[in-house]
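Here are the chains, one letter per residue:
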Amino acid sequence: YDKATLHRYGSAAKLNSRVGDPEEEVRKLAELSWDELVASLRSEARRASCDGQTSRFRGVKKLPSGKWQAKTAMKGKQVYLGSYATKEEAAAAYDKATLHRYGSAAKLNSRVGDPEEEVRKLAELSWDELVASLRSEARRASCDGQTSRFRGVKKLPSGKWQAKTAMKGKQVYLGSYATKEEAAAAYDKATLH
């Protein structure tokens with residue numbers, strides 16, 4: 001509020017809190033257009049958010065499970081890029097998707113070794129292939145001990161592996177098994193049925 005008010009009204013602005021040198025702050029803010037200031041403040045607010053659900057990274061938010069989800073927008077729709085153990089991994093997935101779409105001009109969460117080389121590598125994939133690759137990478141990297149690399153299979157507190165599938169929009173329990181491979185086989189049989 002104070003920065004926007006200073007930008008608009010100058011040193012005569014009525015502020016919520018004291019600013020070190022209002023004249024200096026007004027000079028700094030005068031270098032920005034109104035739209036640039038608003039964008040800057042929104043970005044600052046997003047990055048400073050401490051609700052535990054957001055991060056300082058673009059396209060990354062924390063899920064109730066504790067994992068970090070990466071998403072981007074494509075043609076006005078949200079595209080899920082995967083859920084990762086750390087916010088840095090999720091940010092890297094977002095960066096890859098952004099590099100694929102915007103090339104070396106992309107606004108990234110972190111520096112990439114050689115952006116031009118990364119863009120060349122990513123250009124070999126279609127958008128759908130890249131998204132599938134990122135999602136697959138997220139599934140494989142999931143090592144919370146409760147999930148497996150198999151669809152429909154998760155580890156129970158008892159140490160057994162549970163198989164589930166969806167049928168007509170409802171979860172169907174397929175049983176508990178000693179190994180994740182046995183649970184995966186049960187899932188496969190149910191899916192092929």
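The preceding data block contains the structure.
Residues numbered from 1 in each chain as written. Predicted model: local features only at pLDDT ≥ 70, side-chain atom pairs only at ≥ 80, totals over all residues. Heavy atoms only, no water.

(A) Fine view of the overall build of the chain. Secondary structure assignment for the chain yields 7 helices and 6 strands. Walking the chain from its N terminus toward its C terminus, one meets helices and strands in the order α-α-α-β-β-β-α-α-α-β-β-β-α. Split into buried and exposed, the 193 residues of the chain put 30% on the buried side. Across the chain, the fraction of contacts at a sequence separation of at least 24, relative to all contacts at a separation of at least 6, is 31%. Approximately 13000 Å² of the chain is accessible, and the part contributed by carbon and sulfur atoms is 51%. (Helix = DSSP H or I, 4+ residues; strand = E, 2+ residues; numbered from the N terminus. Buried < 20%, exposed > 50% of the residue type's maximum accessible area, 1.4 Å probe, protein only. Contact = heavy atoms within 4.5 Å. Areas by Shrake-Rupley, 256 points an atom, 1.4 Å probe, with all protein chains shown as cover.)

(B) Region of interest: the pairing of strand E6 (residues 170-177). Sheet analysis places strand E5 (residues 161-167) next to E6, joined by 7 bridges and oriented antiparallel. Looking across to E6, one finds that Met167 is bridged to Lys170. (Pairing = 2+ DSSP bridges.)

(C) The arrangement of the sheet that holds E5 in detail. Across the sheet, 3 strands lie side by side as E4-E5-E6; this open sheet has antiparallel pairing. Of all the strands in the sheet, just strand E4 (153-155) and E6 have a single pairing partner and so form its edges. Between one strand and the next, the sheet's axes are offset by a mean angle of 30°, whatever the strand orientation. This element, helix H7 (residues 180-192), spans E4, E5 and E6 of the sheet and lies at about 15° to E5. (Axes fitted to C-alpha atoms, helices over the stretch in contact; angles between N-to-C directions.)

(D) Quick peek at the sheet that holds strand E3 (residues 77-84). Ordered in space as E1-E2-E3, the 3 strands form an open sheet in which the pairing is antiparallel. Every other strand in the sheet has two partners, leaving strand E1 (60-62) and E3 as the edge strands with one partner each. Within the sheet, the average angular offset between the axes of one strand and its neighbour, ignoring direction, is 30°. Bridge count for strand E2 (residues 68-74) against E3 is 7 bridges, and the pairing is antiparallel. Looking at E3, one finds that Met74 is bridged to Lys77. Of the strands in this sheet, E1, E2 and E3 touch helix H4 (residues 87-102), which is tilted by about 15° from E2.

(E) The nonpolar core, seen in detail. The biggest cluster of nonpolar side chains holds 20 residues, and the ones touching the most others in it are Leu81, Tyr84 and Leu134. Those elements that place two or more of their residues in this core are E2, E3, H4, helix H5 (115-123) and helix H6 (127-141). Discounting chain neighbours no more than four positions away, the residues touching Leu134 are Leu81, Tyr84, Ala93, Lys96 and Ala97. (Core = buried A, V, L, I, M, F, W, Y, C linked by side-chain atoms within 4.5 Å.)

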